[in-house]
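Per-entry structural report
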Amino acid sequence: RRAREALQASGLVGPERVPEHRLLFCSTPEGKVAVVRQVEPDLHADADIATVQELARFRHRVLLIREAQGGGSSWAATVNQASSLADHFAEARKEA
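Treat the numbers as computed from the prediction; the structure is a model and nothing was measured.

**Focus: the overall build of the protein chain**
The helix and strand tally for the protein chain stands at four helices and three strands. Tracing the protein chain from N to C terminus, the helices and strands come up as α-α-β-α-β-β-α. In terms of overall dimensions, the protein chain is globule-like: its C-alpha atoms have a radius of gyration of 13 Å, near the 12 Å expected for 96 residues. With the C-alpha coordinates aligned to their principal axes, the bounding extent of the protein chain is approximately 35 × 30 × 25 Å. Looking at the protein chain as a whole, 23% of its 96 residues qualify as buried. Long-range pairs, those at least 24 residues apart, make up 13% of the contacts in the protein chain between residues at least 6 apart in sequence. About 6,900 Å² of surface is accessible on the protein chain, with carbon and sulfur atoms providing 48% of the total. Between the mean site of the 13 positive side-chain charges and the mean site of the 13 negative ones, the protein chain shows a separation of 1 Å.

**Brief notes about unusual backbone geometry**
Most peptide bonds take the trans form, and the phi angle of most residues other than glycine is negative. A positive phi angle is found at glutamate 16, which is not glycine, with a value near 65 degrees. Along the chain, glutamate 16 falls in the loop between helix H1 (2-10) and helix H2 (29-39). Within the chain, arginine 59 stands out as a residue other than glycine whose phi angle is a positive 65 degrees. Considering the arrangement of structural elements, one finds arginine 59 in the loop between helix H3 (49-57) and strand S2 (62-65).

**So, the side chain of lysine 32**
Considering the arrangement of structural elements, one finds lysine 32 in helix H2. Look at lysine 32 and you get buried, because its relative accessible area is 17%. Only 3.1 Å separates the side chain of lysine 32 from the side chain of aspartate 46, close enough to count as a polar contact. In this structure lysine 32 touches Cys26, Asp46, Asp48 and Thr51, once residues within four positions along its chain are discounted.

**Overview of the pairing of S2**
Burial along S2 is two-sided: Val62 and Leu64 facing one way and Leu63 and Ile65 facing the other are all buried. The pairing of strand S1 (residues 44-46) with S2 spans three bridges and is classified as parallel. The partner of alanine 45 across the bridge, within S2, is leucine 63. With respect to chirality, the unit in which S1 leads through H3 into the neighbouring parallel S2 is right-handed. Examined bridge by bridge, S2 and strand S3 (residues 79-82) share four bridges and lie parallel to one another.

Quick notes on the rules
Residues numbered from 1 in each chain as written. Predicted model: local features only at pLDDT ≥ 70, side-chain atom pairs only at ≥ 80, totals over all residues. Heavy atoms only, no water. Helix = DSSP H or I, 4+ residues; strand = E, 2+ residues; numbered from the N terminus. Rg over C-alpha atoms; globule rule 2.2 N^0.38 Å. Buried < 20%, exposed > 50% of the residue type's maximum accessible area, 1.4 Å probe, protein only. Contact = heavy atoms within 4.5 Å. Areas by Shrake-Rupley, 256 points an atom, 1.4 Å probe, with all protein chains shown as cover. Lys, Arg positive; Asp, Glu negative; His and termini not counted. Charge placed at Lys NZ, Arg CZ, Asp CG, Glu CD. Polar contact = N/O pair within 3.5 Å; in protein donor to acceptor, adjacent residues only side chain to side chain. Pairing = 2+ DSSP bridges. Right-handed = clockwise from strand over helix to strand, strands pointing away.

Next up, the structure:
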């Protein structure tokens, strides 16, 4: 519930954005990996490093959400990092 509310408050969900009926949520890391592998979304955003590492093995495009960026971690080419979804999309708009 909090994740949905945060997405709505950020303006990322709604008309001309991600339709609310396209959002999927899971409560376990295993469930997240299973759903992402089945649905094959354009982007999966997650704050759990273990989930991101598992999905990177299967070459899914993943966004790791974490406050402290940088620092020695080596990620697959399909993994990007941002401090929030809003920051990720703002940066993507700058690059477009």
